[in-house]
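# A closer look at the structure
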Amino acid sequence: MDQIITLEERKKKEASKSKKYAKFFKFYVVPIISVIIFMVSILLIIIPKFNEITTDTTAISSLESERSKASNKLGYVRALRSNQIELQQNLDFLDSIAPSGSTEVIEFSERLSSLADRYSLEIETQRANDLLSASSINQQGSNLADTSVTIQEIPVSFRMSGTFRNIDSFITELSRLDDFVILRDFTLEGIEEEGRSLWTFELTFSKYQFREDSIEATGRYLKISPSSTLDSSILEYIDRKQL
Amino acid sequence: MATNTFSFSEKKFKEFNLVPPISKEEIKVIEKRDTTIIYSFILLFSAALMYFSLSMYQAIRVTPKIDSLENEISQIENEIGLNQDVVILNGELITKGNILLKPILANDIKLREIIDLSNDIALGNSIVDYALEDRESLMVIVVTLDNIDQVIEVYRNSLVNENIKDVSIRSVKFRNDPERIDLELEFRFNLI
């Protein structure tokens with residue numbers, strides 16, 4: 001009988017103990033674990049996900065701005081396409097001013113000599129001076145940093161003599177030539193010789209040649225924004241000359 | 001003789017409780033009603049819900065938008081790439097134009113214009129010397145005149161000519177045989 005009582009008591013004790021554990025589990029373990037899991041998931045999953053979305057949103061605004069720029073660029077490119085003929089004409093004109101061929105200066109000097117012959121002018125001296133370096137021209141002109149497209153200036157000097165009328169006609173013909181030259185200096189001086197007036201004419205002009213490394217130059221041309229336009233003074237010059 | 005004593009216990013005074021003790025039955029009811037587990041699960045569920053919501057938002061709104069923008073940009077760039085030839089043409093035109101601009105085009109003065117301009121200034125008197133000084137566009141002419149009045153006349157005429165500027169007399173020389181005056185006049189062009 002005593003043993004039965006002891007067994008029941010033990011069972012009761014165990015039941016109360018397990019109830020105690022269950023209570024402990026219910027009131028402490030489960031809430032603490034769930035709070036920990038919640039915090040961990042906030043820190044390791046939700047915040048990174050939120051950051052990912054924020055980054056994506058930033059990427060969207062940067063992509064939108066990129067799209068807007070690309071659309072603008074496309075608009076300019078389309079405008080260029082529609083003006084392609086005019087652009088090509090302007091470029092052809094500039095190329096005619098400073099051709100890429102290396103024999104242009106010699107050919108022009110020959111044309112000048114035959115013109116002097118036609119007007120009975122005696123050529124006393126004729127010389128092509130040293131090339132001015134492309135970089136020095138660039139420094140004077142465009143301040144271009146790279147040398148993929150440069151221009152060479154080739155000065156040529158003439159000294160000739162004849163009557164004023166012939167020299168005047170020569171000058172008129174010279175102005176009619178298509179070649180683009182820049183007059184650097186000239187002297188036209190009259191001398192009385194044996195009762196007749198003889199004039200000496202000294203002339204230095206410069207002819208220009210473009211030099212371009214085609215591969216590097218193409219890269220350079222591509223870098224120029226399609227929204228860029230030719231300087232208005234050059235456009236005016238081209239318009240004036242093409243009239 | 002009876003003595004009246006009063007003992008004060010600080011401990012007892014502090015333990016004084018106004019709330020009536022809860023019976024064991026009441027505690028059982030409270031424990032039964034406790035919702036800690038429910039709230040714990042709600043907490044976990046809310047974390048899962050947040051993650052799910054963010055993922056759905058990313059999947060439905062953000063990612064398709066990025067894909068669509070990238071697609072649009074790639075199409076635009078593709079079209080720009082197809083028109084690369086005209087971009088190169090424009091670049092070449094601008095590069096060459098800028099190179100030519102200052103040192104060259106600004107100095108494009110024709111010899112014929114200079115001679116004609118000088119003759120206009122000389123008012124029909126004979127010019128015995130024309131000289132263009134190097135790269136400065138500074139023109140010097142020597143005009144032969146008959147008398148000093150003509151010097152003033154030529155100088156005045158040069159001042160009103162719109163195609164020249166910075167006019168000044170360099171020298172006036174008298175010659176005896178034949179009696180003449182050489183006027184040396186310098187000016188710059190205003191032709192561009």
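Since we're looking at a predicted model, the values are computed, not measured.

For chain B, the helix and strand inventory stands at six helices and four strands. The helix and strand sequence of chain B, counted from the amino end, reads α-α-α-α-α-β-β-α-β-β. For chain B, buried positions account for 21% of its 192 residues.

Time to look at the overall build of chain A. Of regular secondary structure, chain A possesses seven helices and four strands. The buried share among the 243 residues of chain A stands at 20%. Considering only residue pairs separated by 6 or more positions, chain A has 76% of its internal contacts joining residues 24 or more positions apart.

Taken together, the buried positions of helix H7 (residues 232-242) of chain A are Ile234, Tyr237 and Ile238 of chain A. Relative to the axis of H7 of chain A, the buried residues are bounded by an arc of 95 degrees and lie together on one face. In H7 of chain A, the exposed positions that point more than 90 degrees away from the buried face belong to Ser232, Glu236, Asp239 and Arg240 of chain A. Where H7 of chain A is buried, its residues contact helix H2 (84-97) of chain A together with helix H4 (84-101) of chain B.

Let us now look at the packing of helix H5 (residues 164-176) of chain A against helix H5 (residues 111-122) of chain B. Packed helix pairs are specified by the crossing angle of their axes together with the interaxial distance, meaning the distance between the axes. With their axes 8 Å apart at the nearest point, H5 of chain A and H5 of chain B run at an angle of 135 degrees to one another. The orientation of H5 of chain A with respect to H5 of chain B, classified from their angle, is oblique. Residues Ile171, Thr172, Leu174 and Ser175 of chain A of H5 of chain A pack against Leu111, Arg112 and Ile115 of chain B of H5 of chain B. Residue classes in the contact of H5 of chain A with H5 of chain B are distributed as four nonpolar, two polar and one charged.

The subject of this paragraph is the packing of H2 of chain A against H4 of chain B. H4 of chain B packs onto H2 of chain A with a crossing angle of 40 degrees between their chain directions and a minimal axis gap of 10 Å. Crossing of H2 of chain A over H4 of chain B shows left-handed handedness. Within the contact between the two elements, H2 of chain A uses Gln84, Leu87, Gln88, Asn90, Leu91, Leu94 and Ile97 of chain A and H4 of chain B uses Val86, Leu89, Asn90, Glu92, Leu93, Lys96, Gly97 and Leu100 of chain B. When the residues that make up the contact of H2 of chain A with H4 of chain B are grouped by side-chain class, the tally is eight nonpolar, five polar and two charged.

On to the nonpolar core. The biggest cluster of nonpolar side chains holds 62 residues, and the ones touching the most others in it are Ala98 and Ile167 of chain A together with Ile141 and Val143 of chain B. When near neighbours in sequence (up to four residues on either side) are disregarded, Val143 of chain B contacts Ala122, Asn125, Ile127, Val154, Leu183 and Leu185 of chain B.

Time to look at the pairing of strand E4 (residues 180-189) of chain B. All names here are of chain B. Examined bridge by bridge, strand E2 (residues 138-145) and E4 share eight bridges and lie antiparallel to one another. Among the inter-strand pairings, Met139 is bridged to a residue of E4, identified as Phe187. Across nine bridges, strand E3 (residues 164-175) lies against E4 in antiparallel orientation. Its bridge partner being in E4, Arg175 is matched across the sheet by Arg180.

The next thing to look at is the confidence of the model for chain A. All names here are of chain A. Within chain A, residue pLDDT values average 82, and 88% of them lie at 70 or more. Averaged pLDDT values for the elements of chain A fall to 41 in helix H4 (residues 134-140) and rise to 90 in helix H1 (residues 2-82). Long-range and interchain partners of residues 133-145, a stretch whose pLDDT sits below 50, account for 24 contacts in this model, where long-range means more than four residues apart.

The subject of this paragraph is the interface of chain A and chain B. Think of interface size as the accessible area that goes away when the parts come together; that is how it is often given. Across the boundary between the two partners, chain A contributes 74 residues, which contact 61 residues of chain B. When residues in the side of chain A that touches chain B are grouped by element, the largest group, 31 residues, is from H1 of chain A. By residue class, the composition of the side of chain A that touches chain B is 42 nonpolar, 18 polar and 14 charged.

On to unusual backbone geometry, then. All names here are of chain B. Positive phi, normally seen in glycine, also occurs at Leu123, with a value near 55 degrees. For Leu123, the location among the structural elements is in the loop between H5 and strand E1 (127-133). Given 14 C-beta atoms within a 10 Å radius, Leu123 is considered partly exposed. Even without being a glycine, Asp166 presents a positive backbone phi close to 50 degrees. As for its placement among the helices and strands, Asp166 is situated in strand E3. Residue Asp166 is classed as exposed on the basis of its C-beta count, with 11 C-beta atoms lying within 10 Å.

Rules of the game
Residues numbered from 1 in each chain as written. Chains lettered and ligands numbered in written order. Predicted model: local features only at pLDDT ≥ 70, side-chain atom pairs only at ≥ 80, totals over all residues. Helix = DSSP H or I, 4+ residues; strand = E, 2+ residues; numbered from the N terminus. Buried ≥ 20, exposed ≤ 12 C-beta atoms within 10 Å, placed from the backbone. Contact = placed C-beta atoms within 7 Å. Arc of directions from axis to C-beta. Axes fitted to C-alpha atoms, helices over the stretch in contact; angles between N-to-C directions. Parallel < 35°, antiparallel > 145°, perpendicular 65-115°, else oblique. Nonpolar A, V, L, I, M, F, W, Y, C, P; charged D, E, K, R; others polar. Left-handed = near helix turned anticlockwise from the far one by under 90°. Core = buried A, V, L, I, M, F, W, Y, C linked by C-beta atoms within 7 Å. Pairing = 2+ DSSP bridges. pLDDT = per-residue confidence, 0-100.

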